[in-house]
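# Architecture at a glance
Residues per chain are reported as follows:
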Amino acid sequence: MFADYTMTELTSIFAMQGFAGLSLFSIFVLMALGLAIIFGQMGVINMAHGEFMILGAYTTYLTAQVFESLMPGLYGGYFFVAMFLAFVVTFALGALVEWLMIRHLYHRPLDTLLATWGLSLILQQTYRSVFGAREVGVSLPDWMMGSIAVTDLVEIPINGIFVMVLALLIAFAVYLLMYRSGWGRKVRAVVQNRPMAEAVGIDSGRVDRVTFALGCGIAGVAGSAFTMIGSTGPTSGQLYIVDTFLVVVFGGAQSLLGTIASAFTISQAQSTMEFFLSGSMAKVLTLLVVVGILMLRPQGLFAMKVRR
Amino acid sequence: MKANRFFDWLMSREGIYYVLLAFLLVVIFPLALDAFRLNMIGKYLTYAFAALGLVLCWGRSGILSLGQGIFFGLGGYCMAMFLKLEASSPENTAIQSTPGIPDFMDWNQLTALPWFWEPFHSFSFTLIAVVAVPALLALIIAVAMFKRRVGGVYFAIITQAIAAILTILIIGQQGFTGGVNGITDLRTLMGWDIRTDEAKTLLYFVCVGMLFLCLIIGAWVMRSKLGRILLAMRDQEDRVRFSGYDVASFKIFVFCLAAMFAGIGGAMFTLQVGFMSPSFVGIVPSIEMVILCAVGGRNSLLGAIYGALIVNAAKTFFSESFPELWLYGLGVLFIAVVLAFPDGLAGLYRRYVMPLESKLPALLRRNGGNAPTLPVEETK
Amino acid sequence: MSPSNNDFILAVEGLTVSFDGFKAVNDLSLYLEPKEIRVIIGPNGAGKTTVLDLICGKTRATEGSIKFRGKELTRMSEHNIVRSGVGRKFQNPSIYEDLTVFENLEVSYPAGRSVIGALAFKRDAEVIEAVEEVAKTIFLSDMLHQEAALLSHGQKQWLEIGMLLIQKPDLLMLDEPVAGMSVAERKKTAELLRVITENHTVLVIEHDMQFVGDIADRVTVMHQGQVLSEGSIDHVKQDPKVIEVYLGH
């Protein structure tokens, strides 16, 4: 298998696959960050997380349409508007869902799982009714098209770089929010000791709502980024939900750094294997290894030592 | 002595419910419905097997499995492999490049039967495999997870991941498994044509019989000390552990039992419907099995069966007439069952209909049985 | 281990557990004689509950040894420790709320503990007798078919003690058994403990000094994960170290 290629070719293959892996990595990071906040910090399972992502994608699509028809000249900048709108829309829906449904279920994680699955079905069907069953695509603005040739053999697509930079920026922003801001402190207080937090005057209901909405908002931005790389359909959210949960759990649900490390490992493993095996076998193998490791080490590979 | 106690139980409230269900399935449906519709009910009942298992491991023990499709599929595929081999006799497949092997293998340029298909030439092996293969996989998963005290949400997600893995594997290896189309065109079971109306009717009764067998096993487990321990474990796992019980072994047992039930269901499905495909293995069918159990009442064995019938009937009805509404309806059902009626139809029945029963003749009021009744013990 | 350890029913030596560097229990040694009632007292955070956790296996020790009747407990799994004869009562009554008192006791009956055993378990006369007998000891004879959730706090504590008794353990460990009880209930509990200790060794954690005085043979005072003082209740009460740290002037 490897013998068919020269050393330079192999390096280039690894580099390109590595880069393809980095693209996947960015998607995983964006999806996993939102989920890590909701699941890791709050212990809430949101099976509709993929659908929130798709909502962001559809919002981006609509924004692109609007720009294209009304303001073609400004098309180059539409993406930033789209991303902002995606965040706002998914944030709002997340807050609504939390208020209507999630807040009644904090003590019943398994039931939250089922209820949010129901939500995902409803959302999927809504997308199908509104946008049609076929996938929709978004045309990239000019500055995002094309690739940069790093060497003779290695070409890196610009949109991929953009998404990666975006993912890292957002990860950094989340880190700042969670660990360096007053808000983050409130969230962690509520998570660790709710009655105490309430006793010192923190409105835990509001903290919960905003945190959940934030997780959904990040998913929306992920969806926005997703449009740069692929097309969007009503069931696209389902493609990534299992992966995302595994990424979060593998990284040790409590740790944001662990989530990022885990996203990196899994995405790289999968894309590298994809080159040498068929797509489906690569996926199976990656998932099997992750599940296998989780069976041996349920707290996740990158979890910090926790007081028993 | 034994016969007396059985008769007592039969005349008790609980016994009457069982008799009613038997009456419905064995007398009413066959008389009222034609072979086609009866076959459809039979198909619905195959999901009930999985739902029964979920009552035991989810309702009673708190172990949510989002991967019962795995075991349903494994059981179904085992049966399908046997039937396919029979249908792929050298005479039937004379036109293939390699006669004597299933058509899809021929299309995928296989020239010999893969080794793991060979044992399925034997019916007895297949019958054993239908229960043993799911149980074996369940055992591996359960030992790996429960010995390490993994439970709850983590366990659910991992079962879901395994369901996804198995689906991808089956679809990807189409030479070995028939791929996304599954194993189709099944014809005879040891010479007996399973596609005729008479056959379908007979298979319906076999299915009902097997279902009652599983029902009785499930009820026996729930009423035994094991059943009480499972309930105790659901709410106070530590206390049970510190009363000297190896909690993991109990969880392993109930998970494997649920897997076996699902495997039997899958095999009955293959027999009645005539094919098995990966669309019954993955994440979506697995979670649908959970909703059947939840709608019926996750603590009620009988409820699970009714839940399976009702939800599947609704699905057929809506998918034909208002396909868009079905997904909305299903989604709403998930949410409603969790938020509004967590004990499902059984719970609603207990709250609204049972009080009315005392208006019926005294016959129904005689409570049989010697043991004090569990408050949570479920009949309907 | 020294030969004298064989006389002790419980010999804890050099027990240490460290959580990310914080030593909740630090090089602790404790020796219990058969049929002794030992009470552990000490300020909050002294590590008292942690010691019980370590003995019954809820927490893994970092260092040290716990020998129960000569058997090393530190590497055993929780349910095997229980089967060796160690019973633990938790601070918050942890009973099975959805089962009746009878069923709570029956589940704790030391038979049918394996999967097959539990399936085959018959509620025969022997079991019923054992349950009724324990129920009498814990003052719950007329509540046998009551759902456990409906018991009062004190009754729940007694039920949990009953669930331990029916296992016939050699060592009973009780974590604050009278917390939340009225004066009358405390008296009854002291009575109960006196009956129990005729045939069992008991290790108790308590704060109520009056109660401790009523029941203790010997008292161990813990502070910051170590033994501060040990002896009869009077000896300990007069120990200046104990007065400074716990009892006050």
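Above this text sits the structure in question.
Okay, so let's go over this structure.

What counts and how
- Residues numbered from 1 in each chain as written.
- Chains lettered and ligands numbered in written order.
- Predicted model: local features only at pLDDT ≥ 70, side-chain atom pairs only at ≥ 80, totals over all residues.
- Axes fitted to C-alpha atoms, helices over the stretch in contact; angles between N-to-C directions.
- Helix = DSSP H or I, 4+ residues; strand = E, 2+ residues; numbered from the N terminus.
- Parallel < 35°, antiparallel > 145°, perpendicular 65-115°, else oblique.
- Left-handed = near helix turned anticlockwise from the far one by under 90°.
- Contact = placed C-beta atoms within 7 Å.
- Nonpolar A, V, L, I, M, F, W, Y, C, P; charged D, E, K, R; others polar.
- Pairing = 2+ DSSP bridges.
- Core = buried A, V, L, I, M, F, W, Y, C linked by C-beta atoms within 7 Å.
- Buried ≥ 20, exposed ≤ 12 C-beta atoms within 10 Å, placed from the backbone.
- Domains from an automatic or database assignment.

Now for the packing of helix 2 (residues 49-70) of chain A against helix 8 (residues 204-229) of chain A. Residue and element names in this part refer to chain A. Remark: helix 2 packs on helix 8, axes separated minimally by 6 Å, with the N-to-C direction vectors making an angle of 55°. In terms of their interaxial angle, helix 2 and helix 8 are classed as oblique. The two elements helix 2 and helix 8 meet at a crossing, and its hand is right-handed. Across the interface between the two elements, His49, Phe52, Met53, Ile54, Leu55, Gly56, Ala57, Thr60 and Tyr61 from helix 2 touch Cys216, Ala219, Gly220, Val221, Ala222, Gly223, Ser224, Phe226 and Thr227 from helix 8. A breakdown of the residues in the contact of helix 2 with helix 8 according to their chemical character gives 11 nonpolar, 7 polar and no charged.

Accessible area lost when the parts come together is the quantity often used to give the size of an interface. Each partner contributes to the interface: chain A provides 32 residues, whereas chain B provides 34 residues. When contributions to the side of chain A that touches chain B are tallied by element, the ones reaching two or more residues are helix 4 (109-131), helix 9 (236-250) and helix 11 (279-296) of chain A. Broken down by element, the residue count for the side of chain A that touches chain B peaks at 14 residues, all from helix 4 of chain A. Looking at the side of chain A that touches chain B, its residues break down into 23 nonpolar, 7 polar and 2 charged.

Residue and element names in this part refer to chain C. Across the sheet, 6 strands lie side by side as 6-7-8-3-9-10; this open sheet has mixed pairing. Of all strands in the sheet, those bounded by a partner on one side alone are strand 6 (86-89) and strand 10 (226-231). Averaged over neighbouring strand pairs, the angle between their axes works out to 20° when direction is ignored. In this structure, strand 9 (residues 218-223) lies alongside strand 10, joined through 5 bridges in antiparallel fashion. Following the sheet pairing, Val221 is matched in strand 10 by Ser229. In the packing of helix 1 (residues 48-56) onto the sheet, the strands contacted are strand 3 (37-41), strand 6, strand 7 (171-175), strand 8 (201-205) and strand 9, and the crossing angle to strand 7 comes to about 145°.

As a further point, take the nonpolar core. Among the nonpolar cores identified, the biggest contains 291 residues, and Leu30(A), Ala51(B) and Leu52(B) are the most heavily contacted of them. For this core, the element with the highest residue contribution is helix 12 (residues 247-273) of chain B, accounting for 19 residues. Each of domain 1 (1-85 + 169-249) and domain 2 (95-166) of chain C contributes no fewer than three residues to this core. Beyond its immediate sequence surroundings of up to four residues, Ala51(B) is in contact with Met289(B), Leu292(B), Cys293(B), Gly296(B), Ala304(B), Gly307(B) and Ala308(B).

For the rest of this paragraph, the subject is the pairing of strand 1 (residues 10-19) of chain C. Residues and elements named next belong to chain C. Examined bridge by bridge, strand 1 and strand 2 (residues 22-32) share 7 bridges and lie antiparallel to one another. Bridged to Val17 within strand 2 is Val25. Two successive antiparallel strands, strand 1 and strand 2, enclose a turn made up of 2 residues, where Asp20 displays a positive phi of approximately 50°. Sheet topology places strand 1 next to strand 4 (residues 63-68); 5 bridges connect them, and they run antiparallel. Within strand 4, the position partnered with Leu10 by the bridge is Phe68.

With respect to topology, 4 strands assemble into an open sheet ordered 2-1-4-5 (chain C), the strand pairing being antiparallel. Here the strands that pair on one side only, and so sit at the sheet edges, are strand 2 and strand 5 (71-72) of chain C.

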